[in-house]
Amino acid sequence: MSNPVTTPSANLLVDVQDIKRSFRRTYVPDGPDPVIGKFSFILDITAPTEDIYIPVSIASGKKPTGFVYQIEGTVPGLISTTAISCEGDGIAQITLGTIVYAKIPKGLTSTFRIRVEMRGKVGKSYTVAIRQINYKRNPSDTRYQKSLQEIRAKMLKFA
């Protein structure tokens, strides 16, 4: 599945390679069944005009990070775990303080794999959306540039 998303400034090009979603239900005889939903995104990110630095992190938006996501549902869902990795030829990882950045040199592409697991309720529907990607042109810059295009998984019913 190829679904290119570009930022207005064209400093960052995102190609959505795949989005997967699934859930696992554990039956409990004397109470509500816990349900864990898994949403996985595979994104190719290219730096077309200059080197860019993307934090290799994902969060729900309380602090500026690389990828900012949100959970939406017919009733509230709770985050369980998140994980992110990146790879690609010529891609370097740079640590500045406690933040790890993926350095994507001009003209190269890095593949990011993002997994969000969340707890929800049986019979309710949920989705995860990546709302923005924060990046820098230099890791010592004080402010992030933002790509505000939304990348959304289809709604998943926890049956």
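What this report covers is the structure whose coordinates are included nearby.

Okay, the nonpolar core next. Ranked by internal contacts, the top residues of the largest apolar core, which has 33 residues, are Phe41, Leu43, Ile45, Ile54 and Phe67. If you list the elements that add at least two residues to this core, you get strand S2 (13-25), strand S3 (35-46), strand S4 (52-55), strand S6 (67-73), strand S9 (99-104), strand S10 (109-120) and strand S11 (125-135). When residues no more than four places from it in sequence are discounted, the contact partners of Phe41 are Asp18, Ile19, Phe112, Arg113, Ile114, Val128, Ile130, Ile151, Arg152 and Ala153.

Let us look at the sheet that holds S9. Pairing in this open sheet of 3 strands is antiparallel, and the strands run S4-S9-S8 from one edge to the other. At either end of the open sheet lies a strand with only one pairing partner, and these are S4 and strand S8 (92-96). When strand polarity is set aside, the average angle formed by the axes of neighbouring strands in this sheet is 35°. Here S8 pairs with S9 via 5 bridges, running antiparallel. By the bridge assignment for S9, Ala92 is matched with Lys103.

So, about the environment of Arg152. Following the sequence through the fold, Arg152 ends up in strand S13 (residues 151-152). Overall, the relative accessible area of 34% leaves Arg152 in the partly exposed class. With 63 residues separating them in the primary sequence, Arg152 and Asp89 have C-alpha atoms 27 Å apart. In this structure, Arg152 is in contact with Ile19, Phe41, Glu72, Thr127, Val128 and Ala129, ignoring residues within four places of it in sequence. Within the structure, Arg152 has its side chain in polar contact with the side chain of Glu72 (distance 2.8 Å).

Let us now look at the pairing of S11. The buried fraction of S11 is high, at 10 of 11 residues. Bridging between S11 and strand S14 (residues 156-157) involves 2 bridges; their strand directions are antiparallel. From the neighbouring strand, Ser125 faces S14, where its bridge partner is Lys157. Bridge count for S11 against strand S12 (residues 145-147) is 3 bridges, and the pairing is antiparallel. From the neighbouring strand, Asn134 faces S12, where its bridge partner is Lys146.

What counts and what doesn't
Residues numbered from 1 in each chain as written. Predicted model: local features only at pLDDT ≥ 70, side-chain atom pairs only at ≥ 80, totals over all residues. Heavy atoms only, no water. Core = buried A, V, L, I, M, F, W, Y, C linked by side-chain atoms within 4.5 Å. Buried < 20%, exposed > 50% of the residue type's maximum accessible area, 1.4 Å probe, protein only. Helix = DSSP H or I, 4+ residues; strand = E, 2+ residues; numbered from the N terminus. Contact = heavy atoms within 4.5 Å. Pairing = 2+ DSSP bridges. Axes fitted to C-alpha atoms, helices over the stretch in contact; angles between N-to-C directions. Polar contact = N/O pair within 3.5 Å; in protein donor to acceptor, adjacent residues only side chain to side chain.

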